[in-house]
Amino acid sequence: MDPTTRANRAAWEVASQKHVREYSELLEAARAGGSLTPVEHALLDPLVAGGPAVVHLQSGHGVDDVDLVRGGARLVVGVDYSAVAAAAARRRAVELGFPCHYTVSALPGAPLADGAADLVYTGKGALIWMPDIDAWARDAARLLRPGGHLFVFEGHPAVPLWTWEADRPRIRPDRSYFGPGHVNDSFPANGAVEWQWTLGQIVTALAGAGLSIRHLGEHPEPFWRMGGVTAAAWDGDLPNTFSLLASRP
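Let me sum up the structure you'll find in this document. (Residues numbered from 1 in each chain as written. Predicted model: local features only at pLDDT ≥ 70, side-chain atom pairs only at ≥ 80, totals over all residues. Heavy atoms only, no water.)

**With respect to the sheet that holds strand E5 (residues 144–155)**
Right, so step 1: As summarised here, the arrangement of the 7 strands in space is E3-E2-E1-E4-E5-E9-E8, forming an open sheet in which the pairing is mixed. A strand with exactly one partner marks an edge of an open sheet, and here the two such strands are strand E3 (100–104) and strand E8 (212–219). With strand direction ignored, the average angle separating the axes of adjacent strands in the sheet is 15°.
Right, so step 2: Sheet analysis places E8 next to strand E9 (residues 241–247), joined by 7 bridges and oriented antiparallel. For leucine 216, the partnering residue across the bridge sits in E9 and is leucine 244.
Right, so step 3: Most of the contacts of helix H5 (residues 63–71) go to E3, to which it runs at about 145°, and overall it touches strand E1 (53–57), strand E2 (75–80), E3 and strand E4 (117–123). (Pairing = 2+ DSSP bridges. Helix = DSSP H or I, 4+ residues; strand = E, 2+ residues; numbered from the N terminus. Axes fitted to C-alpha atoms, helices over the stretch in contact; angles between N-to-C directions. Contact = heavy atoms within 4.5 Å.)

Structure below.
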């Protein structure tokens, strides 16, 4: 594991304590359902209805995994490099009786067999932690059986440029769409590095890994809003998320 990934992993072990502190709230959220967005449902529902085996890369708190099973997936295997997050997600799945299983690993390099998944699901703040987008794409493609699908619902790469000012959208002068990344000083264990990948780099990486792009959409709705903030960048005029569906021939 490279030093930056090691440091980011340590930061996430601290941040994931939130999943322990808020265990009851997340348990109720998982029990109630509704963590998948309408954009996700539109593309995922036909896929999960067929009972796929799903691998969730960077599974975090695992609440999305319960929704995937509720939609028809026969099982979900979550992979996350935070042992704290994986343990809390595993406990929730057991308590609810859902076939969701978790393993701890840095990515790329998921400790799963080639062709293990009918569907690989990822997103909602995952790709910014990948130091090598091409290696990530190859690993995702490796996990898919022929005919399987990769689904990504993620923050748009332009989002780091938007300010959170309420009067009108503005661009931050300290960020670049084409920059390699930036240090997030507000993250637990200050100094976590977020990587910046353009939409073109993400699509090209997946195509280079042998996947066929079936859908690429850009959406004005953010997948996450900080409480108490009403940003003009969220009013519908700018891209805040994207969805991508690819398949392995």
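Next, the rest of the story.
**Side note on the pattern of salt bridges**
Should the charged atoms of two oppositely charged side chains come close, the side chains can pair.
Right, so step 1: Counted by the stated rule, this structure contains 12 salt bridges.
Right, so step 2: Put simply, lysine 18 and glutamate 22 hold a salt bridge, and the shortest N to O gap is 2.7 Å.
Right, so step 3: With a relative accessible area of 38%, lysine 18 lands in the partly exposed category. (Salt bridge = Lys/Arg side-chain N within 4 Å of Asp/Glu carboxyl O. Buried < 20%, exposed > 50% of the residue type's maximum accessible area, 1.4 Å probe, protein only.)

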